[in-house]
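Listed below are the residues making up each chain.
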Amino acid sequence: MELRRLRYFVAVAEELHFGRAAERLDMAQPPLSRQIAQLEKDLDVKLFDRSRAQIRLTPAGDVLLDRTRVILDQLESTFREVTRIGQGSAGRLRIAFVGSASHGVLPTIIKSYRSHYPDVDLALSAMNNADLERALVQREIDIAVARPSLKGEEFRSVELHREPLVLAMPDNSALNNAAKIALGDLAGQTFILYPRRPRPSFADHVLGVLAEEGITPAETIFAQDYQTAISLVSVGVGLSVVPESVSTTQRPGVFYRAYQGFNPGTGLSAHARRDNTKPHVLNFFRIVETYTRKPHNR
């Protein structure tokens, strides 16, 4: 049964007049009459009572009108939904990120994406770099936000932000009273590094910074993530070197200080599979490109 015949039927059933229905459909009346006759033949039932001056729906016609309205409404709703998903305005986008990315630029980018595409369901989760790479390769996520980056020719990548490193120190540290802190002043201190695994990682980046200044920590304590590292700092276990964006969220027991000395900074980058051309992913990178072009992020 052709869908257009059902649309013709609804027009005639609502108008109860072939002439007005034909005008509404912007077609001549004879072809419309033939289409309704063919529909009745296909169903082997009379849909209209034509024995009176004004046609009326038969009981079978009443039922078909009710059902057809539901069918057409569902069909139009389906078409709208499919179109929106195809344009990236609906559906689901899976984003995973390193824990320290929850500060700084990523929340701003997520907020911007939500404002542009409010009907897209964002599935957010935290992972370390190794899990980000595995999940991206295995298509368990759409976007990976890594520090500093993921390697692989199969990934499309863009740097979101670069920022300096700062010190996260216990609030009872004697160094907090110093007007300036040099990296060399930290010799003999206990350093809290993260993540514990996998390696190499941000922990190795920090150890490289210390080695550049000839600093050997008195002790190194490894935490699995930056939240745990900051918790250990807050209770006086030691100090940590963290991205500057982490300092935007204050925590009792922790002071953040800039330092003098070797500071290569750290980057944050977004990645997706090159063969993932879902509109949601492309739209996310458009938001990212808009943000990274802003002067404050250069």
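What you see is a predicted model, and the numbers here were worked out from it, not measured in a lab.

### Re the sheet that holds strand β10 (residues 240-243)
Read from one edge to the other, the open sheet built from three strands follows the order β10-β7-β11, with strand pairing classed as antiparallel. Of all the strands in the sheet, just β10 and β11 (254-257) have a single pairing partner and so form its edges. Between one strand axis and the next, the sheet turns through 35 degrees on average, direction left out of account. Across four bridges, the pairing between strand β7 (residues 165-170) and β11 is antiparallel. Bridging from a neighbouring strand, Met 169 pairs with Phe 255 of β11.

### Re the side chain of Ser 245
Tracing the sequence through the fold places Ser 245 in the loop between β10 and β11. We classify Ser 245 as buried; its relative accessible area is 8%. In this structure, Ser 245 is in contact with Ser 100, His 103, Gly 104, Arg 147 and Glu 163, ignoring residues within four places of it in sequence.

### Brief notes about the side chain of Thr 190
Within the secondary structure, Thr 190 is located in strand β8 (residues 190-193). With a relative accessible area of 17%, Thr 190 lands in the buried category. Those residues in contact with Thr 190 that lie beyond four places of it in its chain are Glu 219, Ile 221, Val 237, Gly 238 and Leu 239.

### With respect to the pattern of salt bridges
Taken as a whole and judged by the stated rule, the model has 15 salt bridges. Linking Arg 24 and Glu 15 is a salt bridge whose minimum nitrogen-to-oxygen distance equals 3.3 Å. Given a relative accessible area of 41%, Arg 24 falls into the partly exposed group. Of the charged contacts, one joins Asp 275 and Arg 139 as a salt bridge, the two residues approaching to 2.8 Å between their closest N and O atoms. Taken together, the positions of Asp 275 in the loop between β12 (266-273) and α9 (279-292) and Arg 139 in the loop between α6 (129-137) and β5 (143-146) put the pair 136 residues apart, joining distant regions of the chain. Of the residues examined, Arg 139 reaches a relative accessible area of 45% and is grouped as partly exposed. Residues participating in the shared-partner salt-bridge network are Glu 14, Glu 15, Arg 20, Arg 24 and Arg 69.

### Focus: the packing of helix α5 (residues 105-116) against α9
Put simply, α5 and α9 touch, their axes get as near as 10 Å, and they point 125 degrees apart. Of the possible angle classes, the one that applies to α5 and α9 is oblique. Crossing handedness for the pair α5 and α9: right-handed. Together, Val 105, Thr 108, Ile 109, Ile 110, Ser 112, Tyr 113 and His 116 of α5 and His 280, Asn 283, Phe 284, Ile 287, Val 288 and Tyr 291 of α9 make up the contact between the two elements. Of the residues that constitute the contact of α5 with α9, the class distribution is eight nonpolar, five polar and no charged.

Conventions and cut-offs
- Residues numbered from 1 in each chain as written.
- Predicted model: local features only at pLDDT ≥ 70, side-chain atom pairs only at ≥ 80, totals over all residues.
- Heavy atoms only, no water.
- Pairing = 2+ DSSP bridges.
- Helix = DSSP H or I, 4+ residues; strand = E, 2+ residues; numbered from the N terminus.
- Axes fitted to C-alpha atoms, helices over the stretch in contact; angles between N-to-C directions.
- Buried < 20%, exposed > 50% of the residue type's maximum accessible area, 1.4 Å probe, protein only.
- Contact = heavy atoms within 4.5 Å.
- Salt bridge = Lys/Arg side-chain N within 4 Å of Asp/Glu carboxyl O.
- Parallel < 35°, antiparallel > 145°, perpendicular 65-115°, else oblique.
- Left-handed = near helix turned anticlockwise from the far one by under 90°.
- Nonpolar A, V, L, I, M, F, W, Y, C, P; charged D, E, K, R; others polar.

Keep in mind that these numbers describe shape and distance, not what the molecule does.
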